[in-house]
Amino acid sequence: MAKKSWIQRNEKKAKVVAKYAERRAALKKAGDYAGLSNLPRNASPTRVVNRCSVTGRKRAYYRKFGVSRLTLRELASQGLVPGMRRASW
(Lines give C-alpha, C1' and ligand atoms only; values in the text may rest on other atoms or scores of the structure.)
Protein backbone atom coordinates (compact mmCIF):
# COMPACT_ATOMS: atom_id res chain seq x y z
CA MET A 1 0.00 0.00 0.00
CA ALA A 2 1.34 3.41 -0.93
CA LYS A 3 1.78 6.05 1.73
CA LYS A 4 -1.27 8.26 2.17
CA SER A 5 0.88 11.35 1.64
CA TRP A 6 1.86 10.21 -1.89
CA ILE A 7 -1.76 9.58 -2.81
CA GLN A 8 -2.84 12.97 -1.44
CA ARG A 9 0.00 14.72 -3.25
CA ASN A 10 -1.06 13.13 -6.53
CA GLU A 11 -4.68 14.23 -6.01
CA LYS A 12 -3.47 17.77 -5.29
CA LYS A 13 -1.49 17.76 -8.56
CA ALA A 14 -4.59 16.63 -10.47
CA LYS A 15 -6.57 19.57 -9.06
CA VAL A 16 -3.86 22.05 -10.09
CA VAL A 17 -3.79 20.56 -13.60
CA ALA A 18 -7.56 20.97 -13.91
CA LYS A 19 -7.37 24.54 -12.61
CA TYR A 20 -4.79 25.67 -15.18
CA ALA A 21 -5.89 23.52 -18.14
CA GLU A 22 -7.57 26.32 -20.13
CA ARG A 23 -4.79 28.80 -19.47
CA ARG A 24 -2.13 26.25 -20.52
CA ALA A 25 -4.03 25.43 -23.72
CA ALA A 26 -4.30 29.12 -24.64
CA LEU A 27 -0.61 29.75 -23.99
CA LYS A 28 0.42 26.70 -26.01
CA LYS A 29 -1.80 27.73 -28.90
CA ALA A 30 -0.27 31.22 -28.88
CA GLY A 31 3.23 29.73 -28.63
CA ASP A 32 4.00 31.73 -25.49
CA TYR A 33 6.54 29.43 -23.86
CA ALA A 34 7.76 32.15 -21.50
CA GLY A 35 4.20 32.42 -20.17
CA LEU A 36 4.05 28.65 -19.78
CA SER A 37 7.20 28.67 -17.69
CA ASN A 38 5.56 31.16 -15.31
CA LEU A 39 2.76 28.72 -14.47
CA PRO A 40 3.17 26.44 -11.44
CA ARG A 41 5.24 23.34 -12.07
CA ASN A 42 2.36 21.06 -11.05
CA ALA A 43 0.13 22.62 -13.73
CA SER A 44 1.71 20.26 -16.26
CA PRO A 45 -0.39 17.11 -16.83
CA THR A 46 2.72 14.93 -17.08
CA ARG A 47 3.34 15.42 -13.36
CA VAL A 48 0.21 13.45 -12.44
CA VAL A 49 0.97 9.76 -11.93
CA ASN A 50 -1.43 6.92 -12.70
CA ARG A 51 -2.01 5.02 -9.48
CA CYS A 52 -3.89 1.86 -8.54
CA SER A 53 -7.33 2.75 -7.23
CA VAL A 54 -7.13 0.04 -4.54
CA THR A 55 -3.54 0.12 -3.25
CA GLY A 56 -2.10 3.36 -4.65
CA ARG A 57 0.79 1.55 -6.35
CA LYS A 58 2.22 3.51 -9.27
CA ARG A 59 4.21 0.83 -11.08
CA ALA A 60 2.70 -1.89 -13.29
CA TYR A 61 -0.56 0.06 -13.71
CA TYR A 62 -3.18 -1.17 -16.19
CA ARG A 63 -5.12 1.76 -17.65
CA LYS A 64 -7.96 -0.44 -18.88
CA PHE A 65 -8.76 -1.64 -15.36
CA GLY A 66 -7.41 1.23 -13.26
CA VAL A 67 -5.45 -1.09 -10.95
CA SER A 68 -1.96 -2.51 -10.65
CA ARG A 69 -1.00 -5.97 -11.90
CA LEU A 70 -0.99 -7.40 -8.38
CA THR A 71 -4.47 -6.14 -7.59
CA LEU A 72 -5.72 -7.24 -11.01
CA ARG A 73 -4.46 -10.77 -10.36
CA GLU A 74 -6.16 -10.84 -6.95
CA LEU A 75 -9.46 -9.59 -8.36
CA ALA A 76 -9.29 -12.04 -11.28
CA SER A 77 -8.66 -14.94 -8.89
CA GLN A 78 -11.75 -13.95 -6.92
CA GLY A 79 -13.77 -13.74 -10.14
CA LEU A 80 -14.49 -10.02 -9.77
CA VAL A 81 -13.23 -9.02 -13.24
CA PRO A 82 -15.84 -9.87 -15.90
CA GLY A 83 -14.52 -11.93 -18.78
CA MET A 84 -11.22 -12.74 -17.11
CA ARG A 85 -10.28 -16.09 -15.68
CA ARG A 86 -7.13 -17.82 -14.65
CA ALA A 87 -5.19 -19.70 -17.25
CA SER A 88 -5.13 -23.50 -17.06
CA TRP A 89 -3.71 -25.90 -19.59
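My aim in this report is to walk through the structure given alongside it, one point at a time.

Calculation rules
Sequence order sets the numbering: in each chain, residues are counted from 1 along the sequence as written. Residue-level local features of this predicted model are given only where pLDDT is at least 70; pairs of side-chain atoms are given and counted only at 80 or more, and the full residue set underlies all totals for whole chains, interfaces and linings. To obtain the side-chain values, all non-hydrogen atoms of the structure were included, while hydrogens and water were left out. Think of it this way: any DSSP run of H or I at least four residues long counts as a helix, any run of E at least two long counts as a strand, and we number them from the N terminus. Exposure categories follow from relative accessible area, calculated using a 1.4 Å probe and restricted to protein chains: below 20% of the type maximum is buried, above 50% is exposed, and the middle band is partly exposed. What makes two residues a contact is simply this: any of their non-hydrogen atoms within 4.5 Å. Helix span, as expected, comes to 1.5 Å for every residue beyond the first. Bending is quantified residue by residue as the angle between axes fitted to the seven-residue window ending at that residue and the seven-residue window starting at it. Throughout, the arc means the angular range of directions from the helix axis out to the C-beta atoms.

1. A word on the side chain of T71
Here comes step 1: By the secondary structure assignment, T71 is in helix α3 (residues 69-77).
Here comes step 2: A relative accessible area of 5% places T71 in the buried class.
Here comes step 3: Apart from residues no more than four positions distant in its own chain, T71 is found in contact with C52, V54 and T55.

2. Topic: helix α1 (residues 4-30)
Here comes step 1: For α1, built from 27 residues, the straight-helix expectation of 39 Å at 1.5 Å per residue is met to within 8% by its first-to-last C-alpha distance of 39 Å.
Here comes step 2: Along its length, α1 reaches its greatest deviation from straightness, about 55 degrees, at Y20.
Here comes step 3: Among all positions in α1, only N10, K13, V17, Y20, R24 and L27 are buried.
Here comes step 4: Packed against the buried residues of α1 are α2 (33-37).
Here comes step 5: Following α1 by one or two positions, G31 adopts a phi angle in the positive range, close to 75 degrees.

3. Looking at α3
Here comes step 1: Considered for burial, the residues of α3 that qualify are T71, L72 and A76. Projected down its long axis, α3 carries its buried residues within an arc of 135 degrees, all on one side. Turned more than 90 degrees away from the buried face of α3 sit R73 and E74, all of them exposed.
Here comes step 2: Where the residues of α3 are buried, they touch β1 (61-62) and β2 (67-68).

By themselves these figures say nothing about function.
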